[in-house]
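The primary structure of each chain is shown beneath.
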Amino acid sequence: MTSDTLTPMQRTLATLGHREPDRVPVFLPLTLHGAKELGLSIEQYFAEPGNVVEGQLRLLTKYGHDCIYGFFFAGLELMAWGGGVMFFDDGPPNAAAPVIHRPEDILDLVPPEVAETPCLLDVLSAQRMLKSEVGDDVPIIGVVISPFSLPVMQMGFDHYLDLMLETPHLFERLMALNEEFCVAWANAQLEAGATAIVYFDPVASPTIVPRQRYLETGHPVAMRTLARISGPTAVHFASGRCMSIIGDVIDTGAAVIGASTLDDLSSVKDACRTKVAVLGNMDAIQMRHWSQEAAESTVKASIAAAGKGGGFILSDIHGEIPWQVPDEVLVDIVSAAKRWGRYPLDWAH
Amino acid sequence: MAAKIPDLTPQSRQLEEALLTVDRVGLVALFAECTKSYSPLQVFEQVIGPALTRIGDAWERGEVALSEVYMASRLCEELVDSVAWPANSVRGDLPPIGLAVFEDYHMLGKRIVYAFLRAAGLEVADYGRAVADEVFEKVRGDGVQILLLSTLMLRSALRVRDLRSRFDAEGLDVKIIVGGAPYRFDPQLWQEVGADAMGRNGPDAIACVEAVVQRL
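What comes next concerns the included structure. Predicted model only: the values in this text are computed from it and were never measured. (Residues numbered from 1 in each chain as written. Chains lettered and ligands numbered in written order. Predicted model: local features only at pLDDT ≥ 70, side-chain atom pairs only at ≥ 80, totals over all residues. Heavy atoms only, no water.)

1. Some remarks on the overall build of chain A
In step 1: Looking only at helices and strands, chain A has 16 helices and 9 strands in total.
In step 2: Since a compact globule built from 349 residues should have a radius of gyration of about 20 Å, the 19 Å found for chain A is in line with a globular shape.
In step 3: Oriented by its inertia axes, the alpha-carbon framework of chain A measures out at about 60 × 45 × 35 Å.
In step 4: In chain A, buried positions account for 62% of the 349 residues.
In step 5: Sequence separation of 24 or more characterises 72% of the internal contacts of chain A that already satisfy a separation of 6 or more.
In step 6: Of the roughly 12300 Å² of accessible surface on chain A, a fraction of 53% belongs to carbon and sulfur atoms. (Helix = DSSP H or I, 4+ residues; strand = E, 2+ residues; numbered from the N terminus. Rg over C-alpha atoms; globule rule 2.2 N^0.38 Å. Buried < 20%, exposed > 50% of the residue type's maximum accessible area, 1.4 Å probe, protein only. Contact = heavy atoms within 4.5 Å. Areas by Shrake-Rupley, 256 points an atom, 1.4 Å probe, with all protein chains shown as cover.)

2. Overview of the nonpolar core
In step 1: In this structure, Phe148, Tyr160 and Ile333 of chain A together with Leu19 and Leu148 of chain B are the most contacted members of the largest nonpolar core, which totals 174 residues.
In step 2: Ranked by residue count, the leading element in this core is helix 9 (residues 168-192) of chain A, at 12 residues.
In step 3: Apart from residues lying up to four places away in sequence, Tyr160 of chain A is in contact with Phe148, Pro151, Val152, Met155, Phe171, Met175 and Val203 of chain A.
In step 4: Core analysis: the next-biggest nonpolar cluster, separate from the first, contains 28 residues, Phe102, Val139, Val144 and Phe167 of chain B among them. (Core = buried A, V, L, I, M, F, W, Y, C linked by side-chain atoms within 4.5 Å.)

3. Details of the pairing of strand 6 (residues 233-236) of chain A
Residue and element names in this part refer to chain A.
In step 1: Here strand 6 shows two buried faces, one formed by Thr233 and Val235 and the other by Ala234 and His236.
In step 2: Where strand 5 (residues 196-200) lies against strand 6, 4 bridges are found, and the strand directions are parallel. Residue Tyr199 lies in a different strand from strand 6, and its bridge partner there is Val235.
In step 3: Where strand 6 and strand 7 (residues 256-258) come together, 2 bridges link them in parallel fashion. The partner of Ala234 across the bridge, within strand 7, is Val256. (Pairing = 2+ DSSP bridges.)

This is the structure in structure tokens:
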């Protein structure tokens, strides 16, 4: 196997520029595995930014993948808005009860100030330390939950759909508040050292709302929000379909789009080619069971479908690798990517 | 000679269209017409049920969105709740059924399944969000024999295994039907945790209930 000739940052930038680097970049969105590395409970691990820094650096060395994941857990944004999270020994901290109990509560809602919110400051502190460790060699990925998708945690999915469909003026008010927070939170991460921001927007997926509804709601939100984020963005649907809205996502100015296993990866790549890079499409829920052969065949299939011409980052579709995925599987994935992702991919016809 | 079963397919197609376009006026009118001419069970089984099944199947194929499935199920639930059904319209051949969101706050999937079950004439005890101890006590207290559990996270999906063990240890013959994203992405997961069936969507949940009843 030929060794790498580029740094993870050089490799990633080349592929985002729709050129073929030395090999396909591999992003493992690892959060909880850092706690394993340090022998800490998940709650202990996230209580101290230095733990996350140490965890991410150890994971980078151990697996040799191509990014630092400067993301703690999704429920952290609910904490910022006054909610809580539930910690577990074997899974991500999960968002607790909603903070918006009645639609009218939106009228009194005030977005959190990033600089005055301890849980957000912990993330920024970790990203700052990570940046000082890896410099410009490794991309650091920051994360925001989109203004359009955050209400699933803020008020509950069913009540949010009711709001979107039946109370447009309060929906618009909530979007305005969330947009202000999202832009401030994303830009704070970029200032702290994040290279790019993943804009998690699962509700925007055609799996969740029809395209026409997205064009009337989540799309203008994304257009306004992404335009104000001062760095490259990746729009991610957390395993939802994207095929029918790729053109709309391209219009937002996003640099990357997350593909699902529910879409045909080669068709996604064809629709994105030279306009937006594709991230995907390994299913981390299924990774728990993967043998070495399964890891290799899945990696090969993804690279064959989307690797040619650059513009492809091999990654998971959910945005987080579950605690239960064995270390050996992660090693096998990166090993297969380094073997089969070497450009010019002559084997992939 | 058995009574001829009326063909209500046209009404069901009309209902499906009204559900997907959220045509509340048309929906109420159609429903009133159906309930005037046919028995509640016929309306459940031949109009509402098939319409919701087609919508659920269309979601599986990526042709409609979850928000449309949700709205359709909610509208049907409203229709069902809008009339005083005679006692014999509820399925009396089924054992006690319970439904819960397992160790999570994401209620959407459970709400859709609840609406589908209600629209099909099934009586269901809705336990809302519940952790393992609460589910166990509710099931034991209510004598539930069919338990539907909705999960969002892999961790809570795996925790169903502990609940299964606890039912077995206590000698409770409870059939567990699971649903939710982890089971959809890992098709063998429901068997791994000792569930009796996995429902991919609302109509599937009804089919699962019918199937596990045969095994009680």
